[in-house]
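# Summary of the model geometry
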Amino acid sequence: MPDFLLEIGTEEMPASFVAPAVRQLRALVAEALAEAKLAAAATEAWRTFATPRRMTLMIPGVQERQADEVREVRGPAAAAAYDAEGRPTKAAAGFSKSQGISPDALVRRRVDDKEYVFATVAVAGQPASAVLASALPRVLGSLSFPKMMRWGAGDVRFGRPVRWIVALLDAEIVSFSFAGVAACRDTYGHRLLGPGPHAIAEPRTYERTLIDAGRVIPDADARRASIAAKVERAARAAGGRARIDAGLLEEVTYLVETPTAFTGAFDPRHLALPADILTTVMAHHQRYFPVEDAAGDLLPGFVAVRNGDEGCLDAVREGNEWVLSARLADARFFYEEDRRGRLEDRLPKLDEIVFQRDLGSMAQKTERLVRLGAWLSATAGGADATAVTRAARLCKADLTTAVVSELPELQGIMGGLYAAAHGEGAAVAAAIREHYQPRGASDAPAPTRAGALLAIADRADTLAGCLAAGHAPSGSADPFGLRRAAVGLFETIRAYGLVISLHALIEAALASYREQGIEATTKEGAAAVLAFLRTRLRAWLLEREEDAGRRGSHDNVYAVLGEGDDDAVDAIRRLDALRAFRAAPAFAATYETLDRAARIVAADA
C-alpha cells in the first residue's frame, strides 16, 4: 500500500494559525478518505509537520484503489415501469439506460406495500490517486483561519497566499490544482539557507530532504525541543537560567523554521521597573525569553531565537538590544508618569472609554460591578465585602494608564501594583490584579476569594449584557470572548465550590443594567443568556471528561444536566457521583432492572 504526502506551502503564517490549521487538515483528510471508502493506516500512525510556511500531512499505507461495488438503485414504481401486458414503458427504458443496463435486467421488489423496479449496477473502484485528486481541492478549500485573505485575481480565501503544493502517492504525483497552484513534487526550504526547489522522491524522504537540503526542521515537536534546549544553554552561558513560558515557547516554535538562540543584554537600570513590565515587554512584544538568577530575580539579559543560522549574529544581537532598550525606556517613562496620580483620580476618565456600544461606558460597568460584587459577597460569602466592592470600584481604572495603553496584556496587573503603592490594602490590590484570571486555558482561577468573586462579577456582567443585547458568538467568530468568559466563570465557581444559581446570578447582573436605563436586557435576552450558559456548561463538562479519558462521557454529562443545570458545582458533584456509581459492580444489575421496568411501563402506556 502506497504512502501519501500532502504539503501546502504558503507565505509566512501568523504563529497562532498553524497548529489549528494542521489539526483541521488531518481531520478533513480523514473524513475525505472515509467518504471515499479508501482504507489507510490507523490515524495514530499519521504524521503532521508544521512551520510558518508549510502544513504537511503524511499517511502511511493508503489503499491503492477503491474496492469494486455492486449497488442497487431504486427506479420508478412497477406500475409506471410496465404496461398492462408487462412490457417495459418509456420510464423503465429511460431508467435502465441511465444505469447502463438492459430493461430486461430490471428486477421488481416491494417496499412499504408498493412495488418498484431496481437496477443492480457494478461500480468499478477508482485508483486512489484519482479519488484524492478529486477530494483534495475541497479539503483545502474547507480549511478555515481566524482571518482569511484573497490575493491576485482569484477568489480563493486562505490564511496566507499558497505558493506551492506537494502531493505524492509513493513516487506518483497526485494531480490537482488549488488557488491556481498545481501539485508537484517540489518543496522549498529556508528562504536564505536552502531555498530550493527540492524534489521529494517519495513521502518517506520528505523530512530528511527538508532537514539536509532545505535547512528546515519540519517536525514541530522536534523544533520545540530544539528551541527549549538552545534557549536553556544560552541562558546558562549568560550566567543565569531562562524563564521558558509554555505559551511563548509554542509561539516561537511556529515563528521559525531554523532556530538559533542568542543572548542579549539591557541597561541594569531598567531592573527598577516591576518584573511584570519587564517580562511583558520581553516576552509578549519581542518574543524574548527573560533570564533570571538562582533566586528567580530577573537579570539584565534575555535570550532570543532567530530564524536562521549563526551568520552575522553580532549584528542581529545589536539590533535586538537596541529595540528592547527603546521599548524599556518608553515603559519606564509611562510607569513613572502613571505613578504621579492615584487610581481613584482616574475613575472619571472611564466615562470616555466605551465598554460596548449598546451597553454604555466602562464607568457604567464599574458601577454594575460594585453592585454585583456586593450581591456575590452576600450570596457566596467567605470574603471581605468591603474589599470586594472597593476592588470593583477601582479594577478598571488602570485602563486609563499609559502603561496599559501601551501594554494591554498588563490590565489588572498594573491596577494591582498601583493600588498597593497607593495604600489600598493587600486584599483590594490582589483582587484587582486577579479579576481577569483565568486569562486562558493554561491559567488558574484567582487565588484569593475576593479576586474570585470579582472575576465572577466581571464575567457575569459581560455575558449578561452582550448576550441579552444579541451579540452571541457565531461560528468561529467570538469578538467579545464570551465562550472564554463562560469557561472562566465555571472554572472559578468550581475552584471555590461556590453554590451560586446561574439564573440568580444573571438576573442580578441584568438588574444592574436596568437600573442604569440600558434597554438591551429584556426577558427574551435573559433567556438567551441562560441558554448560552447551559450550552457552554455542557461543552465544558464534556471537555473535562474527555480530557481525563473517562468512559461514557456523553452519557454521564447529558444524564446529569437533564436533572438540572442551574448550579454548576452541584452538577459537577452529581457527575462525579454518577461516574463512581457506573464503575461499581452493582451498576449493571441496577441498570438492567430499571431498563426492564421502563420498557414495561412504556409498553403499557
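Shown above is the structure to which this text applies.
Quick look at the structure, then. (Residues numbered from 1 in each chain as written. Predicted model: local features only at pLDDT ≥ 70, side-chain atom pairs only at ≥ 80, totals over all residues. Heavy atoms only, no water.)

### Description of the packing of aromatic side chains
What counts is decided by this rule: Aromatic pairing here means that ring centres of Phe, Tyr or Trp (its six-membered ring) are within 6.5 Å. Orientation follows from the plane angle: under 30 degrees is stacked, over 60 is edge-to-face, and everything else is tilted. Lysine NZ or arginine CZ positioned within 6 Å of the ring centre and within 35 degrees of the ring normal marks a charge as sitting over the ring.
One pass over the structure, following the stated rule, counts 10 aromatic pairs. In textbook terms, an aromatic cluster arises when at least three aromatic residues are bridged by ring pairs, as seen for F17, F145, F158 and F178. Sitting over the face of the ring of Y116, R74 holds its NZ or CZ atom 4.3 Å from the ring centroid. Stacked on the ring of W540, the Lys or Arg R544 has its end atom at 5.2 Å from the ring centre.

### As for the pattern of salt bridges
Defined as follows: When a carboxyl oxygen of Asp or Glu is within 4 Å of a side-chain nitrogen of Lys or Arg, the pair counts as a salt bridge. Numbered from the N terminus, helices here are DSSP runs of H or I no shorter than four residues, and strands are runs of E no shorter than two. When a residue's accessible area, from a 1.4 Å probe over protein chains only, is under 20% of the maximum for its type it is buried; when over 50% it is exposed; and in between it is partly exposed.
On inspection of all chains with the given rule, the structure shows 43 salt bridges. Of the charged contacts, one joins R54 and E7 as a salt bridge, the two residues approaching to 3.0 Å between their closest N and O atoms. Placement of the pair is R54 in strand β3 (residues 54–59) and E7 in strand β1 (residues 4–10), with a sequence separation of 47 residues. In terms of burial, R54 and E7 fall into one category: buried. One network of salt bridges, in which partners are shared, links E11, E12, R53, R163 and R191.

### Some remarks on empty space enclosed by the protein
Under the convention used in this document: The distinction between a cavity and a pocket rests on a 1 Å grid over the protein atoms alone: a 1.4 Å probe fits inside a cavity but cannot get out, while a pocket stays open yet meets protein on both sides within 12 Å along at least five of seven lines, and a residue with an atom within 4 Å of a point counts as lining. Grid points are joined across faces, edges and corners, and a volume is the space filled by probe spheres set on the points. Note on residue categories: nonpolar means Ala, Val, Leu, Ile, Met, Phe, Trp, Tyr, Cys or Pro, charged means Asp, Glu, Lys or Arg, and polar means any other residue, Gly included.
The full count for this structure, using the stated rule, is one cavity of 30 Å³ or more. Space inside the largest cavity adds up to approximately 50 Å³. Together, V281, H285, R327, D330, A331, E406 and L407 line the largest cavity. Looking at the lining of the largest cavity, the elements that each hand over two or more residues are α8 (275–285) and α9 (313–338). The leading source of residues in the lining of the largest cavity is α9, at three residues. Residue composition of the lining of the largest cavity, grouped by class: three nonpolar, one polar and three charged.

### Observations regarding the sheet that holds strand β13 (residues 241–242)
Filter applied, for reference: Here the rule is simple: two strands pair whenever DSSP picks up at least two bridges between them. Here, two residues are considered to be in contact whenever any of their heavy atoms come within 4.5 Å of each other. Lines fitted to the C-alpha atoms define the axes, with helices restricted to the stretch that makes contact. Angles between their N-to-C directions range from 0 to 180 degrees.
Taken together, the four strands give an open sheet; going across it, the order is β13-β15-β16-β14, and neighbouring strands pair in antiparallel fashion. For this open sheet the edge positions go to β13 and β14 (259–265), each flanked by a neighbour on one side alone. Two strands pair when backbone bridges link them, and strand β15 (residues 289–292) and strand β16 (residues 298–307) are joined in this way by three bridges, in the antiparallel orientation. By the bridge assignment, F289 is partnered in β16 with V303. Most of the contacts of helix α6 (residues 220–237) go to β14, to which it runs at about 30°, and overall it touches β13, β14, β15 and β16.

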